[in-house]
Amino acid sequence: MDTHDVDSAESRLHDATKSATDPPKPNTASSLSKQPPSSSPVQNVARKPSIKNSASSAQTPLPNPATLQRQIGTAEASTKPGSTHAQFDLFDMAAAIDMSKKKIMEENEQAAENDDYDEGWESDLNIDAIVRRKSAFSAGGVDVYLNSCKMLGIVPVSVLIEKFNLGESDIILKHRGLGPKGAQAIASVLENNTSIARLDLTNNWIESGGAFIGRSLQINRTLVFLNLSDNKLGLLGGLEMAEMLGYNGTLKTLILKGNDFGDKEAIHISEGLKQNSSLQVLDLSHNRIGDLGAVALGTGIAQNDGLKELNLGWNQIRVRGASGFFATLKDNLTLASLNMQDNGICDSPQPVALFISKSSVISNLNLSRTHMNDASLVAIARAAEQSYTLTEIDVSGNSVGDIGVLALFKAVATSNSIKRVVLRGVRMTRDTRVKMEELKTEKSDVEFVE
């Protein structure tokens, strides 16, 4: 029934009300009841079908035109003299018509909303669609993940679905063989997920899929730990990770070791570090970063005021790169832990020694297997004597002898900050070991690790 039907019914009710108040006329009710059906405007107007809302119409049916006409006739009859319920019946009838009119308007509005939704468009005014989307993400992003897997033509990971359903904050999926598409599906969830805080995807051959994760983290605001070790991200993944650092303000630990990064990736990451103040731990070990990349990273870290721990072990940095790296790094005020193991940086120890003596924050320094000899260790030990912050130094696996080791023992005896010395694989004579035992007794709070 549309609004025109109800208006016609109202006019009939008005006539009935008028007949109730005026003096009775002969055969008024009978003439109304004998009126041919074809002359009734209520029955001549066809019902307009509801738009895509037949189910809701079936649940809440509106008055039939014939029924409404009978109700009008009943109202007229009840207005005859002597009827005690005339006013109440007329009031109920008016209320019923108003209610029917209101239902028709609500039905039309609902049909219009359904039309908009069926068209597949979503706007800021489509509240229901927004709520559905937010609910999917707040529930862990299962629907988003499954849809992404379907579009990419891959099999969803059941363990991951379970973790999403439980709303777990730690997602650990090591050695699963996810591949680039599997990483892309996970990235689609990370964009708006608000529950995942730690994600470990070590050794999944993600390759170019790392670019999607990097892009998603430009939007994500809950992830604080990300481990993408041994995934061969390459140039594309490295560029996106570097770009992400310029936008993300919540990630605190980023582990990117074993991803085939070279100088190009390091240069871009350096630019990202200049714009980032939230990252505290960065691991770029087991890559192919050389001298150019090292110098660039030193420049980026010098302008960064948040990074506290850096691992550049197992790269291809040599003396020239070390000189530029440490020259710019010595003025940094936040970097407390630095791992440079397995880089040939100590053939000339001056840059390292100058950094140790000038830095006001460095506390943990790993120089194991860095081409260090006795002369290098003597220079580094003298610098350590001047440091007020260095608490741990690792010189394991270097070709040093008694001269260098004794110089380091002297630094430990003099320093009030050094508490741990790592000497794995370092050759010492019996006399030197005696000196070490004496030093252990004298400095009982210092730990010597062989």
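What comes next is a walk through the structure. (Residues numbered from 1 in each chain as written. Predicted model: local features only at pLDDT ≥ 70, side-chain atom pairs only at ≥ 80, totals over all residues. Heavy atoms only, no water.)

**Some remarks on the packing of aromatic side chains**
Within this structure, the stated rule accounts for four aromatic pairs. Where Tyr145 meets Phe164, the ring centres are 5.7 Å apart and the plane angle is 80°; that geometry is what we call edge-to-face. Residue Tyr145 is found in helix 8 (residues 142-152), and its partner Phe164 is found in helix 9 (residues 158-166); the two are separated by 19 residues along the sequence. Classification of Tyr145 by relative accessible area gives buried; the value is 3%. The interplanar angle of 90° and the centroid separation of 5.8 Å between the aromatic rings of Phe409 and Phe448 together place this pair among those described as edge-to-face. (Phe/Tyr/Trp six-rings, centres within 6.5 Å; stacked < 30°, edge-to-face > 60°. Helix = DSSP H or I, 4+ residues; strand = E, 2+ residues; numbered from the N terminus. Buried < 20%, exposed > 50% of the residue type's maximum accessible area, 1.4 Å probe, protein only.)

**Here we look at the packing of helix 15 (residues 319-329) against helix 16 (residues 350-358)**
Running from N to C, helix 15 and helix 16 point in directions that differ by 10°, and their axes come no closer than 9 Å. Between helix 15 and helix 16, the crossing angle belongs to the class labelled roughly parallel. Seen along the crossing, helix 15 lies across helix 16 with a hand that is left-handed. When helix 15 is examined against helix 16, the residues Ala322, Ser323, Phe326 and Leu329 are found in contact with a partner set consisting of Pro351, Val352 and Phe355. Its residues assigned to classes, the contact of helix 15 with helix 16 shows six nonpolar, one polar and no charged. (Axes fitted to C-alpha atoms, helices over the stretch in contact; angles between N-to-C directions. Parallel < 35°, antiparallel > 145°, perpendicular 65-115°, else oblique. Left-handed = near helix turned anticlockwise from the far one by under 90°. Contact = heavy atoms within 4.5 Å. Nonpolar A, V, L, I, M, F, W, Y, C, P; charged D, E, K, R; others polar.)

**With respect to the environment of Phe355**
Structurally, Phe355 can be placed in helix 16. Taking the C-alpha atoms as reference, Phe355 lies 5.9 Å from Phe326; in sequence the two are 29 residues apart. Setting aside residues up to four positions removed in sequence, Phe355 forms contacts with Phe326, Leu329, Lys330, Leu338 and Ile362.

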